[in-house]
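Commentary on secondary and tertiary structure
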2 protein chains.
Amino acid sequence: MEILFTFVPKEEMQQQIITEFPDADFHFFYKDKSKLPTADILVTYGEDLDEEAIAQAQNLKWIMVFSAGVEKMPHEAIAARGITVSNVRGIHKTPMGESVLGHLLALKRSLPDIYKNQQNHKWERQFRSTELRGSTALILGPGAIGAEVGRLLQAFGVITIGCNRSGNQAEYMNEMISFDGLLAKLPEADMVISILPSTSDTKYLLGLEHFQAMKQDAIFMNFGRGDLVKEEVLIEAMQNKMISYAVLDVFVQEPLPEEHVFWSLDNIVISPHVSGKSEKYLERAMEIFLPNLKKWLSGENEPTNLVNMEKGY
Amino acid sequence: MEILFTFVPKEEMQQQIITEFPDADFHFFYKDKSKLPTADILVTYGEDLDEEAIAQAQNLKWIMVFSAGVEKMPHEAIAARGITVSNVRGIHKTPMGESVLGHLLALKRSLPDIYKNQQNHKWERQFRSTELRGSTALILGPGAIGAEVGRLLQAFGVITIGCNRSGNQAEYMNEMISFDGLLAKLPEADMVISILPSTSDTKYLLGLEHFQAMKQDAIFMNFGRGDLVKEEVLIEAMQNKMISYAVLDVFVQEPLPEEHVFWSLDNIVISPHVSGKSEKYLERAMEIFLPNLKKWLSGENEPTNLVNMEKGY
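Remember, predicted model here, so these are calculated numbers, not experimental data. (Residues numbered from 1 in each chain as written. Chains lettered and ligands numbered in written order. Predicted model: local features only at pLDDT ≥ 70, side-chain atom pairs only at ≥ 80, totals over all residues. Heavy atoms only, no water.)

The next subject is the overall build of chain A. Assigned secondary structure in chain A consists of 10 helices and 12 strands. Scaling as 2.2 N^0.38, a compact globule of 313 residues should have a C-alpha radius of gyration of about 20 Å, and chain A matches this with 21 Å. Oriented by its inertia axes, the alpha-carbon framework of chain A measures out at about 65 × 45 × 40 Å. Each of the 313 residues in chain A was classed as buried or not, and the buried ones make up 58%. Expressed as a percentage of contacts within chain A between residues at least 6 apart in sequence, the contacts between residues at least 24 apart total 59%. A total of about 13,600 Å² of accessible surface is found on chain A, and carbon and sulfur atoms cover 46% of it. Once the 30 positive and 43 negative side-chain charges of chain A are each reduced to a mean point, those two points are 6 Å apart. (Helix = DSSP H or I, 4+ residues; strand = E, 2+ residues; numbered from the N terminus. Rg over C-alpha atoms; globule rule 2.2 N^0.38 Å. Buried < 20%, exposed > 50% of the residue type's maximum accessible area, 1.4 Å probe, protein only. Contact = heavy atoms within 4.5 Å. Areas by Shrake-Rupley, 256 points an atom, 1.4 Å probe, with all protein chains shown as cover. Lys, Arg positive; Asp, Glu negative; His and termini not counted. Charge placed at Lys NZ, Arg CZ, Asp CG, Glu CD.)

Right under this line is the structure:
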């Protein structure tokens, strides 16, 4: 069995894997696809595969994605071949939950002003600091990460409203609505937090009318995918101060070009797609992959966290 | 009955109080002490009383302090006269809990770097973001605020160790130690958070040996009172990078002088004594004061949140 990693884990981690599976052949290559034709299993961050690569990988039966989003993968080519795809969803929930709460609390408790005044040695106490407690958050995409955000927000006394396609109950949500009910619910929300993946249902889900419906002091956070809202919509909403802040961790084009107008709007916070980062990331991804690999090698071909390539999540 | 406020609440709030207590005489004055000689009850932030004021206030029976710290009040003069003192402890817990978590998450999730890079339109993902989850916090002074900090930290999967004079159990602490056990416990803590009041027991409680005992990547937060540690000790600890960050909300001298070295150390965050600020502050203080005033007027002279002026808290 040949297992091709399209990235190179630390030497120590490579050794651990090789030792644990003495009968498998592991290849750890960055940007080198020479082993594609013989690979049975591919381990990737999901950003380096195209139709040609799938065609070359004629033995490929399982793609293990060390990420949560699969929108950069050639869906049709993979689905047509019946290749199993699974990911590491769930492992982002701790760092992302902490990042979301960090950004919210920073804005509520005036941290950007505090940091700025320190640069000028300025003792200034006239902030309009507010509180999370008693506010309402609307969470777009209450999956594993959204539920963790909901759990933490509830600990701070925040009311959570989950919003997904079906409106079916999700964890740590005081109330659930479906995408159809979103526009009508927005006026209640002090925070609108998206962790939605990019799918045909979520692309451009938010239009200008959604920002118009939000409270003027609402905070919008996009920690899902950049195409949830067209850039020109977001620019118009923020330039006209329809809401108080937008915190963006994801963008249509990444890296965000240096000349992009987002950088200089003082009511936008640019987080360069780092909210899921953690020193524990690879270790946690391996904790998902290795037990599944063990099962796969023993003939059990249904890894956890299966991705439906037709739906896109 | 004459009730003197040494600050001026909003007109609307004044009217509400007067309407609720039609038989009492209220005076709302800022820095005008002409009504001191006839006042039965004084409502103050606790920073505008000296021995002379207490001597003048010959009818005074109850001082209601709209703050938690009483260290700027003339303790002996008040104790000698047997004047009842009560405060609003507990109302700071929500804004302070949110501020403490906000600062911690901001540092763990690299927010100061994210903000700085945005100023330079710089897409930079090479942060060493870490997580709160799995870390250990040592909380000096696990009272109402400390317990709220403990509760929130536990929601993030942090182990909490409370430390007070007695070592007696406090809420939301996984473990308790007394001041005597502090030095030996410090090497376990990733965060050391003080919300201690200023008393004879807490003054200069931390010396250089305490910073030497902390982990090199520990975060120290002083959200209690500035005299917990001598400034020269803190400067030596931070200049020598004995720990990674100090977040200071309280100072020996406030406002912190413009030329103070604290301002320019890049491992110190200066929060200008604003962690307890909230738009709901006065409203919550009134929710403590008014029911107690009602009882007082009916002859029940034991308000909640009594302060022992001999102990100082």
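Still more ground to cover, so stick around.
A few words on helix α1 (residues 11-20) of chain B. Residues and elements named next belong to chain B. Every buried residue of α1 is accounted for by M13, Q14 and I17. Burial along α1 is one-sided: seen end-on, the buried residues are contained in an arc of 105°. With respect to the buried face of α1, the exposed residues turned more than 90 degrees away are E11, E12 and T19. Check the buried side of α1 and you find it contacts β1 (2-5), β2 (25-28) and α10 (281-297). (Arc of directions from axis to C-beta.)

Time to look at the sheet that holds strand β4 (residues 62-65) of chain B. Residues and elements named next belong to chain B. Pairing within the open sheet is parallel, and its five strands lie in the order β2-β1-β3-β4-β5. At either margin of the open sheet sits one strand with a lone partner, and together these are β2 and β5 (84-87). The sheet shows a mean angle of 15° between the axes of neighbouring strands, direction not considered. Strand contacts of α1: β1 and β2, with the helix running at about 165° to β2, the strand carrying the most contacts. (Pairing = 2+ DSSP bridges. Axes fitted to C-alpha atoms, helices over the stretch in contact; angles between N-to-C directions.)

The next subject is α10 of chain B. All names here are of chain B. The terminal C-alpha atoms of α10 lie 24 Å apart, and with 17 residues this matches the ideal 24 Å at 1.5 Å per residue to within 8%. Within α10, the full set of buried residues consists of Y281, R284, A285, M286, I288, F289, L290, N292, L293 and W296. Just beyond α10, the residue with positive phi is G299, at close to 100°. (Expected span 1.5 Å × (residues − 1).)

Quick look at the side chain of H260 of chain A now. Structurally, H260 of chain A can be placed in the loop between β11 (245-248) and β12 (268-270). Those residues in contact with H260 of chain A, other than ones at most four positions away along the chain, are E231 and I235 of chain A.

Counting residues in each nonpolar core, the largest one holds 64 residues, and the members touching the most others are L153 and I193 of chain A together with L153 and I193 of chain B. If we skip the residues at most four places from it in the chain, L153 of chain B touches L101, L104, L132, A137, I139, V158, T160 and I193 of chain B. With 38 residues, the next largest nonpolar core counts W123 of chain A together with C163, L186 and M238 of chain B among its residues. (Core = buried A, V, L, I, M, F, W, Y, C linked by side-chain atoms within 4.5 Å.)

The residues that UniProt annotates with the feature "domain: D-isomer specific 2-hydroxyacid dehydrogenase NAD-binding" (unreviewed entry) are residues 101-275 of chain A. The span residues 101-275 of chain A shows a helical share of 27% and a strand share of 17%, and its end C-alpha atoms are spaced 11 Å apart. (UniProt positions renumbered as here; feature names shortened; annotations may be inferred.)

A separate point is the environment of D266 of chain B. Residues and elements named next belong to chain B. Within the element layout of this structure, D266 appears in the loop between β11 (245-248) and β12 (268-270). Taking the C-alpha atoms as reference points, D266 and A80, separated by 186 residues in sequence, lie 47 Å from one another. Each residue touching D266, except ones within four places of it in the same chain, is listed here: K241 and Y245.

At the junction of the two partners, chain B supplies 57 residues and chain A supplies 57 residues. Each partner contributes to the roughly 5,000 Å² buried at the junction of chain B and chain A, and carbon and sulfur atoms together form 56% of this total. The interface formed by chain B and chain A includes two salt bridges. Of the charged contacts in the structure, one is a salt bridge between R284 of chain B and E131 of chain A, with a shortest N-O distance of 2.7 Å. Among the secondary structure elements, those contributing two or more residues to the side of chain B that touches chain A are α4 (93-108), α5 (111-119), α6 (144-155) and β12 of chain B. It is α4 of chain B that contributes the most residues to the side of chain B that touches chain A, nine residues altogether. (Buried area = accessible area lost by both parts, 1.4 Å probe. Salt bridge = Lys/Arg side-chain N within 4 Å of Asp/Glu carboxyl O.)

In this structure's numbering, the residues bearing the UniProt feature "domain: D-isomer specific 2-hydroxyacid dehydrogenase catalytic" (unreviewed entry) are residues 33-308 of chain A. Annotated as 31% helix and 15% strand, the span residues 33-308 of chain A places its first and last C-alpha atoms 25 Å apart.

All right, on to the environment of H121 of chain B then. Relative to the assigned elements, H121 of chain B resides in the loop between α5 and β6 (136-140). Judged by relative accessible area, which is 26%, H121 of chain B ranks as partly exposed. When neighbours within four sequence positions are excluded, H121 of chain B is seen to be in contact with E258, W263 and S264 of chain A. A polar atom in the side chain of H121 of chain B sits 3.1 Å from the backbone oxygen of E258 of chain A. (Polar contact = N/O pair within 3.5 Å; in protein donor to acceptor, adjacent residues only side chain to side chain.)

Further remarks concern the pattern of salt bridges. Taken as a whole, this structure holds 18 salt bridges over all chains when the rule is applied. Note that D190 of chain B is salt-bridged to K215 of chain B, the shortest N-O span being 2.9 Å. Here K215 of chain B lies in the loop between α8 (208-213) and β10 (219-222) and D190 of chain B lies in the loop between α7 (182-185) and β9 (191-194), a separation of 25 residues in the sequence. Under the relative-accessibility criterion, K215 of chain B is labelled partly exposed at 29%. Counted as one network, the salt bridges with shared partners bring together E175, K185 and E188 of chain A.

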